[in-house]
Amino acid sequence: MKTSIATVSISGNFEEKLTAIQEAGYDGLEIFEQDFIAHDAGPKEVGRMVRDCGLDILLFQPFRDFEGMPAPQRAKAFDRAERKFDLMQALGTDLILICSNVSPLALGGIDRAADDLAELGERAKARGLRIGYEALAWGRHVNDHRDAWEIVRRADHPNVGLILDSFHSLARKIDSDTIRAIPGDKIFFVQLADAPLIDMDLLYWSRHFRNMPGEGDLPVTDFMTAVMSTGYTGPISLEIFNDQFRGGNTKLIAEDGYRSLIFLMDTVQRQSPDLAVDMPPLPAPISVAGTAFLEFCSRGKEAEALERLLETLGFHRARHHVSKQVTLWKQGDVHILVNRETEGYAASAYAMHGTTVCDIGIAVSDAGATIERATRLGSTPFHQPAGPGELDIPAIRGLGGSLLHFIDDSSGLADLWQVDFKPVEDATTAPDAGLIAVDHIAQTMSYQDMLSWSLFYTALFRMKKATMLDVIDPDGLVRSQAIEAEGNTLRITLNGADTHRTLAGEFLADSFGASVQHIAMSTSDIFETAERLQERQFQPLPISTNYYDDLAARFDIDTALLDRMRLANILYDRDEGGEFFQLYSPPFANGMFFEVIERRGAYGGYGAPNAPFRIAAQKRFLRPKGMPRR
Ligand SMILES: O=C(O)c1ccc(O)c(O)c1
Ligand SMILES: [Mg+2]
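What counts and how
- Residues numbered from 1 in each chain as written.
- Chains lettered and ligands numbered in written order.
- Predicted model: local features only at pLDDT ≥ 70, side-chain atom pairs only at ≥ 80, totals over all residues.
- Heavy atoms only, no water.
- Helix = DSSP H or I, 4+ residues; strand = E, 2+ residues; numbered from the N terminus.
- Rg over C-alpha atoms; globule rule 2.2 N^0.38 Å.
- Buried < 20%, exposed > 50% of the residue type's maximum accessible area, 1.4 Å probe, protein only.
- Contact = heavy atoms within 4.5 Å.
- Areas by Shrake-Rupley, 256 points an atom, 1.4 Å probe, with all protein chains shown as cover.
- Lys, Arg positive; Asp, Glu negative; His and termini not counted.
- Charge placed at Lys NZ, Arg CZ, Asp CG, Glu CD.
- Near = heavy atom within 4 Å.
- Polar contact = N/O pair within 3.5 Å; in protein donor to acceptor, adjacent residues only side chain to side chain.
- Nonpolar A, V, L, I, M, F, W, Y, C, P; charged D, E, K, R; others polar.
- Pairing = 2+ DSSP bridges.
- Axes fitted to C-alpha atoms, helices over the stretch in contact; angles between N-to-C directions.
- Donors = N, O, S within 2.8 Å, 3.2 Å for Na, K, Ca; no water.
- Tetrahedral: all angles 85-135°; square planar, octahedral: opposite > 155°, others 65-115°.
- Patch = residues over 30% accessible without salt bridge, like charges linked within 9 Å, V, L, I, M, F, W, Y side chains within 5 Å.
- Salt bridge = Lys/Arg side-chain N within 4 Å of Asp/Glu carboxyl O.

Trainee: Outline the overall build of the chain, listing residues and values.
Mentor: Of regular secondary structure, the chain possesses 21 helices and 25 strands. Against the globule reference of 25 Å for 630 residues, the chain gives a C-alpha radius of gyration of 28 Å, in line with a compact fold. With the C-alpha coordinates of the chain rotated into their principal frame, the extents come out at 90 × 60 × 50 Å. Put simply, the chain has 630 residues, and 57% of those count as buried. Within the chain, contacts between residues separated by at least 24 positions form 74% of all contacts whose residues are at least 6 apart in sequence. Split by element, the accessible area of the chain, about 25,400 Å² in all, is 50% carbon and sulfur. Of the side-chain charges in the chain, 63 are positive and 89 negative, and the distance between the mean point of each set is 4 Å.

Spelled out as structure tokens, the structure:
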């Protein structure tokens, strides 16, 4: 199975695109004509450049407004096609995409179109070339792959085939099962794109909002499964018109695309084992057992302040690393490491971001399989030499340079705290505050990077996206996307910031792109926990009285309960499943914070309706009255 991407899908000049496509691992590419025209080397040289990168030009596109033209435009269209055939031969590619005619001059008529394609097919054949016909969703007379197929069928020429594009078919909600009746060898090429469900003009939607399979809401897996059922063995190619990608990081977008293709074909194969997908199998999506640890890199006064905050939150200093300046703080199932090393990965993360979460340990069913799946999906394994007798825990670099370690039971890695850590003499013994486990981890990123991260998690793990929510910061919008593992063993909220002025954006700027901004931990009784926190001089984030007055109006809440919430600065939410209580620590370091939550019943959210009030409170805390806003 050949993987491919259209040059239009990524940003940069031709060389930059080519390098990114090569490095991401694709087999070939589609040359989008504009990219070629804008480039300053001739077709022979471009062909050589591509082949020198070990890539094939699998398609040249698009050729517009060809079929069904009246005279004299018809003859002109054939002349134009011959010029493009010259170009293709110089480039060294044999397939051109002809998209359905959008011209007001187009006459329509299935047989007329079929005759035109047959005649062009004959001319292509004379040069050893092939033509593929694609129905644009907004084509004047042909805008459905079923009609395009009927035209190709009637053209009945070996050098004329069909090109399918998931966007055009799925945007029009055409049942993918209609593809199953097409012979696989008459499908010359398959283009793939997903898109978020937005109700808008098809052309505008297609040209600006396409994204990688798995990043949007269209049933691309069903589409691809139907394609594979025909016996299709040609390339699968991404054709993504997206404003954000056009201006995004070329390398990252190319990598996302590759990941999306492998993930898609793996899903197709898993759902339909009988289909012949020509791709070495990869380990199944990984089951997550939970968050094994969160590691902060820190130093000096900041490290002391962090540890003091952990103490007030009810953590106790439990163990020290056998050879490194790393302390384990523990409460319930929550393991937090404070790393003060001056060399190695944590030290460089500290140099880059200041006090930050530099490493996340994820408990998985099989750590080795996790690394293998991640690698196949395009991630890079990370390795830092372990000390003598220490465990060598498998890790990869997550996005943004952060680390993910994978811990499993089978390989003895679960003994980490026993093998790599020893008990401390100054262990604190005060009672804890009732925190049980990590409920969720909130990662902040630039809005542009959100799709990359959600694809990363959903491709590697058995994790699913929840609906995207808008969080209103007084100084801008932050978009929030939760990614949840089966059984909620791991929940990650991705928060995408557009401007530096939001709390999330400020954190990104101040920490130079750190990712984890807050950690939410669960308790089974938040009021009891709040009392214990108070005994430990924990300072909850103060919430405005107005908030509680509004709560009383919005929900039917017992006055005594409301008073307890007000006193303890606890926020409240409710959904069909149950109730939700939350309180926050004040911000520390570059704007990180902790959250304590109690879920009652099957509440499934994260308290998003409270976010504007929580953010306003955090901003008040960071900038007391009279201090200028940045
Ligand atoms: O938007 C377009 O014009 C366009 C061109 C070529 C394609 O393959 C396509 O899917 C869309
Ligand atoms: Mg297309």
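Trainee: Run through the site of ligand 1, naming residues and quoting values.
Mentor: The environment of ligand 1 is formed by 14 residues, the closest being Arg64, Asp165, His168, Arg207 and Glu239. Gln61 places a polar side-chain atom, nitrogen or oxygen, 3.2 Å from an oxygen atom of ligand 1. Separating an oxygen atom of ligand 1 from a side-chain N or O atom of Glu134 is a distance of 2.9 Å. Its residues assigned to classes, the shell around ligand 1 comprises five nonpolar, three polar and six charged.

Trainee: Go over the pairing of strand β12 (residues 334-339), please, and point to the residues and values.
Mentor: Of all the six residues making up β12, six are buried; the element is thus mostly covered by neighbouring parts of the structure. What you see with β12 is no split at all: Val334, Ile336 and Val338 on one side and His335, Leu337 and Asn339 on the other are buried throughout. Pairing between strand β9 (residues 288-297) and β12: four bridges, direction parallel. Paired with Phe296 across the bridge in β12 is Val338. Bridging between strand β11 (residues 326-331) and β12 involves six bridges; their strand directions are antiparallel.

Trainee: If you had to explain the sheet that holds strand β6 (residues 160-165) to someone new, which residues and values would you point to?
Mentor: What the eight strands build is a closed barrel, ordered β1-β2-β3-β4-β5-β6-β7-β8; its pairing is parallel. Within the sheet, the average angular offset between the axes of one strand and its neighbour, ignoring direction, is 30 degrees. In the sheet, strand β5 (residues 130-134) pairs with β6 via three bridges, with the strands oriented parallel. By the bridge assignment for β6, Ile131 is matched with Val160. Sitting on the sheet, helix α9 (residues 220-229) touches β6, β7 (187-192) and β8 (236-238), and the angle it makes with β7 is about 165 degrees.

Trainee: Outline the coordination of the magnesium ion (ligand 2), supporting the account with residue identities and numerical values.
Mentor: In the first shell of the magnesium ion (ligand 2), the protein supplies Glu134 (OE), Asp165 (OD), Gln191 (OE1) and Glu239 (OE), at 2.0 to 2.2 Å from the metal. Between the six donor atoms coordinating the magnesium ion (ligand 2), the angles at the centre fall across 77 to 175 degrees, so the site counts as octahedral. Along the chain, the residues donating to the magnesium ion (ligand 2) fall in the pattern E-x30-D-x25-Q-x47-E. On the criterion of sequence distance, the pair formed by Asp165 in strand β6 and Gln191 in strand β7 is long-range, its members being 26 residues apart.

Trainee: Mind laying out a negative patch on the surface, listing which residues take part and the relevant values?
Mentor: Together, Glu15, Glu16, Asp40 and Glu45 line one region of the surface with negative charge. Looking at the element boundaries, Glu15 is found in helix α1 (residues 14-24).

Structural measurements only, silent on function.
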